[in-house]
Each structure stands twice: as C-alpha cells, then as structure tokens.
Amino acid sequence: MTGHPMPLDDGPEHDGRATPGAAASGAGTAGRRNAPDVDVLIVGAGPTGLTAACEARRHGLTARIVDRATGRSGFSKALVVHARTMEVFETMGVADRVRAAGARFAALNVNTRNRAPVRVDLLGLPWGDTAYPFWLSVPQYATEHILESHLTAGGGEVEWGVALKDLREGGEGGGDGSVEAMLEHGDGRRETVRARWVIGCDGGRSRVREAAGLRLDRSDAGAVFVLADVLTTADLTEDEGHVFLGPEGLLLIVPMPEPRRWRVIAHVPGARGEERLTLDAPFLDELIRRRAGIAFGSHGVTWQSRFALGHGLADHYRRGRVFLAGDAAHIHSPVGGQGLNTGVQDAHNLLWKLAAARRTEPARAEALLDSYEAERRPVARAMVCGTARATRALTTRTGMTRALLGTVAPTLLGRRPVQARLGRGVGMLDIGYPDGGPAAGRTGRGARTAAGRRLPNPVLGDGGGRLHQRLAPLGFTWVVRARPGETWPAGDDRAWAGIPVVFLSDEEWAGLSGPGTAAPVILVRPDRYIAAAGSTAASVLSAVGPRMLPGTAPRRPGRLTG
C-alpha cells in the first residue's frame, strides 16, 4: 500500500479504535473542496462488475468501470443463469434479452452402470411464485454482452486495458470521504481517481482485495477437472442435461443454446494439478465413450480448460470504502452453477445500499453498508461449503467408492423432496437474510420471520401481472392487505412517508403464502426483500428508521431503469 497506509474501517469486527475518516465514510461530501471524482469505481468488467455499473447508474450514482484486459473474452465460461438472478435482471430491465439468448433445461438425466437412468423433470418441479421456473443455459459472454450494451445505452462504458495498481485513503487520513485509486492505462499512462467507494469485482486473484488488506484463504479441493465446449454428431435430446456416475469418474454433458453444441465437464481421477492434458476431439471422444458409452463424434471444439478445484471465502467483504463482490469475495466448485449468480446478486444487494448511503447521515449509512457483508457473506459461506461437500462426494478418490455413489445417487434423486431442491433451492429463490441485520427491522406479528426474506411474486388477478411488477422500480415500496371494510390512509398520505403503496385484495394477498404474511403491512426493499412487517406503517418505520431513510428519492434517477 502506497501513500497513507489503508487501515480502512474493518466494518462490524473492528477493534473499537478510531479510524481516520471512518465516521464519515457513508455520507455524501458535496461541497467539500476535495470532493470525489466519481461515486463508484468498479474494478473488473465480468458479470458482477457490469451488474454493479448498471445498478450504480440506475440508482443515480456516477460510476466508472475498468478492466485490465484489453477486451472481452469470447469464451463461454459460466453457463447457467438461475431464477433469482433472472428476477434481478428483470429489475434491471434485461431479463427478456437474457432469456432470448439462452435455452431452458427441460430435464436432468442421471445415469449409472447398474441402475436405470433417473430423469428429473426440471420444468415440472414445484417452483412456486417465480416468473422464471427454469435453469437457463446461456454462455457468460452472451450475458456480458447484454449487460455491457445495456450499460452503454445508459451512457456508461467499460474502460478496457486499465489496471488498478494501488489504493490509499483520500486526503489526510481519508477525511474527505474518498479512496484514491492509482490506475495504469495500456499505454503506460498513470491516473489517480478519487472515488467515494471502490468495488472489487476482479476475480479470484483480486488486486482490490490485496490492496485493501483483505484476505481469501484458498483450499485445494484435490480434484482436477477438464472442460470443453464441443459440437457432436450424436443425437442427444438438446434441452436436457446428462450426468454419468461411474468408477472412471464424474461426467456431465450440458446443453448450450447453439444446436448440437454441448459443454462437457469431467473429473479426471489421479490427475495432478500441474499435469498437461490435450483436450482435443479424440481425447473427448474416448473419455465420453468409456464413461457414457456414447459415440459422441466431437468436433468444433471452441473452448477447453483444465483446472484444479479450490474453495475460499474472503475474511471480510468490506474495509471502509472498499467492497468485494463476486469471485473476489468467494471462489468455489462450479457444481450447481452458483458462481455467476451469486456475484450478480452481491452487486444487486450492494448498489442500492450505496445509493441510500449517499443521501443518508453518516451513522445510519455505516450501519446500512455494514449490512452488505452481514447479509451476503453467510450466503457465500453456505454456497462454498455446500459445493465443497458435493464436489467431495462426486470426486471421491477410489473407484470402489465412486461405484457405490453410482448406486446410491439414483435412489436419492428419485425422491421428490430431493428433486424439489433442484428447483427453488438451486434457483436461489429461498435465499434470505434471517437475522434481518441493519438493513431490516422487526415489528408486529410474523415480522421476525418476514424480515430479510424475498417478497413472494405471485400472479395477481384481473390481468395485473405479477406483484414485483407493481413495485417501485427504485427505492422502497409498501405492500398492504386491504380487506373489505378496512380503512387505510390514501397512497399519498403522510403516514406512508412518501413511499409508494401497493394495496392488495384478500384474494391477491393469498398468493403471498409464507412467513410474515400475517402482518398486513410489509415494507419492501429495492432488491425485493422484506425490510420489515407490522400492523401499521408507523410501527414498521420505527423498526427501520434508525437504520436508513427509505423514503428519500434518488438524487438523480439514472437512465438504466427496468
């Protein structure tokens, strides 16, 4: 770290000593002599960084997004977009384009040597209230292209070939409310940018994480995988995935949107991390023949990769004005396709809080910004631990144990409750923040279980679409049960603190099945999670008021509205 050392506030686990500038790190600094050049500097232009940049502009923040690469990769990389991420994309205004670029998984077929295949009908699972009841196969480059073009349409741009060199507190002790980021352009030119906040979306080897003094301890999963995107001459059902479990190792054949192109993923037992493998068509054909008994006819290999799996979680997601998101904060096995999705949801959670902090007094802003780590890090910890367990089970070291897995797995996957987890569970619809945290309050009957949960999104009567479509595109929204004979203040009454109100009939309210719906007044956050629930607006506001000012409108509505 150059310049002023960066003992930026460690967030909720600091040691209690005063950190220079920390008390002001949430509030705006308009009118100060050394005001920041930009509200948010985003480092890394993958799906997480692009989501952060789009959301920053949508919420009225100025933003720059830089990436050390000279241009976008054309490789597919992450492949699956899940239901909750599609809901985020709907809020951003890009869900229809992402859906059109992808193909839905209709089913997952699990094959073993000595058992009949198990076919899981993914489209027939109990998905519940989402408008996106499917796994969507869409290459990462297509998702990135859609997000980048959306950013460009809103007046933003990715600055390619620009690398972060270092970070330091802005001004003497950082008291001007900024971080100084030293950037180096491709032509060697150096630049210092004063940003109100910096977000590291720069991957598992994050320079932002290193410069901020944060740590991610990586553990080796002890398994080597190969991956390739390849065309086939075999006649496989093109909207269904295939899993093969046998003593030779795990094999997955996953559909891609391009006809006859498949993603092949295989565990290579006994391979060493440094061992080189030639991932050409003959290699793939022999691997698939031995494990699946399919004459695959591989050709047109467009991307291949060999990697040793690792897992890790950053010790903190925040240090003062520096935040981590996506792979900079968590790395893990690709089992379940959770990585891209978790990163997009990290950015979605963080950016509305930064926008609120921009117009909120310092103490409240600090509590709100601390809630980013409090909410998102446990989600990543559960994901990292869960994928690590699944990977260990699927890549067990002995052939005998792998054969046993091939016997047990079909029995488990034949059970309805296990299959159901492949819907809402893998789709990330049931992720919540049960502790509520600084971004949520609790009051009234049912509120303890309501705060921090995703608001259900049922279809409403009389062609009213879904509930999420009625919510305010920016800011908070009240959702209120209006029974016949009950009298509620009009939507423009001061009781609602300037926050838009959606009144639901008893019939419509019945679609909000789940915890917390006994309370007739729900305050919904900008990310469609419940902030608090209670019997009146006043009781709900008293619960969340000390933590945020949800009724304040964005200072400058961005052009990137959903």
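Novice: Is there a simple way to think about the sheet that holds strand 20 (residues 477–481) in this case?
Specialist: Judged by pairing direction, the sheet is mixed, and its four strands sit side by side in the order 21-20-22-23 without closing on themselves. A single partner strand is all that each edge strand has here, and the edge strands are strand 21 (501–504) and strand 23 (530–534). Geometrically, the sheet is characterised by an average inter-axis angle of 20° between neighbouring strands, direction not taken into account. Here strand 20 runs beside strand 21; their pairing, made up of four bridges, is parallel. Bridging from a neighbouring strand, Val 480 pairs with Phe 503 of strand 21. In the packing of helix 14 (residues 537–544) onto the sheet, the strands contacted are strand 20, strand 22 (521–524) and strand 23, and the crossing angle to strand 23 comes to about 135°.

Novice: Looking at this structure, I do not really get the pattern of salt bridges. What am I missing?
Specialist: A side chain of one charge can pair with a side chain of the opposite charge when the charged atoms of the two come close. Under the counting rule described, the total for this entry stands at 33 salt bridges. Between Asp 39 and Arg 196 there is a salt bridge; the shortest N-O distance is 3.1 Å. Of this pair, Asp 39 sits in strand 1 (residues 38–43) while Arg 196 sits in strand 11 (residues 190–200); the two residues are 157 residues apart in sequence, bridging distant segments of the chain. Here Asp 39 matches Arg 196 in class, with each residue buried. When the shortest N-O distance is used, the salt bridge between Asp 430 and Arg 424 registers 3.0 Å. What makes Asp 430 partly exposed here is its relative accessible area of 46%. Here the salt bridges share partners, and the residues they tie into one network are Arg 84, Glu 87, Asp 129, Arg 424, Asp 430 and Arg 454.

Novice: Is there a simple way to think about the nonpolar core in this case?
Specialist: Among the nonpolar cores identified, the biggest contains 98 residues, and Phe 89, Trp 135, Leu 167, Val 198, Ile 199 and Leu 354 are the most heavily contacted of them. When residues of this core are assigned to their parent elements, the largest contribution, eight residues, is made by helix 7 (residues 339–358). With 20 residues, the next largest nonpolar core counts Ala 228, Leu 279, Leu 284 and Ile 288 among its residues.

Calculation notes
- Residues numbered from 1 in each chain as written.
- Predicted model: local features only at pLDDT ≥ 70, side-chain atom pairs only at ≥ 80, totals over all residues.
- Heavy atoms only, no water.
- Pairing = 2+ DSSP bridges.
- Helix = DSSP H or I, 4+ residues; strand = E, 2+ residues; numbered from the N terminus.
- Axes fitted to C-alpha atoms, helices over the stretch in contact; angles between N-to-C directions.
- Contact = heavy atoms within 4.5 Å.
- Salt bridge = Lys/Arg side-chain N within 4 Å of Asp/Glu carboxyl O.
- Buried < 20%, exposed > 50% of the residue type's maximum accessible area, 1.4 Å probe, protein only.
- Core = buried A, V, L, I, M, F, W, Y, C linked by side-chain atoms within 4.5 Å.

Any link to function would need more than the numbers given here.
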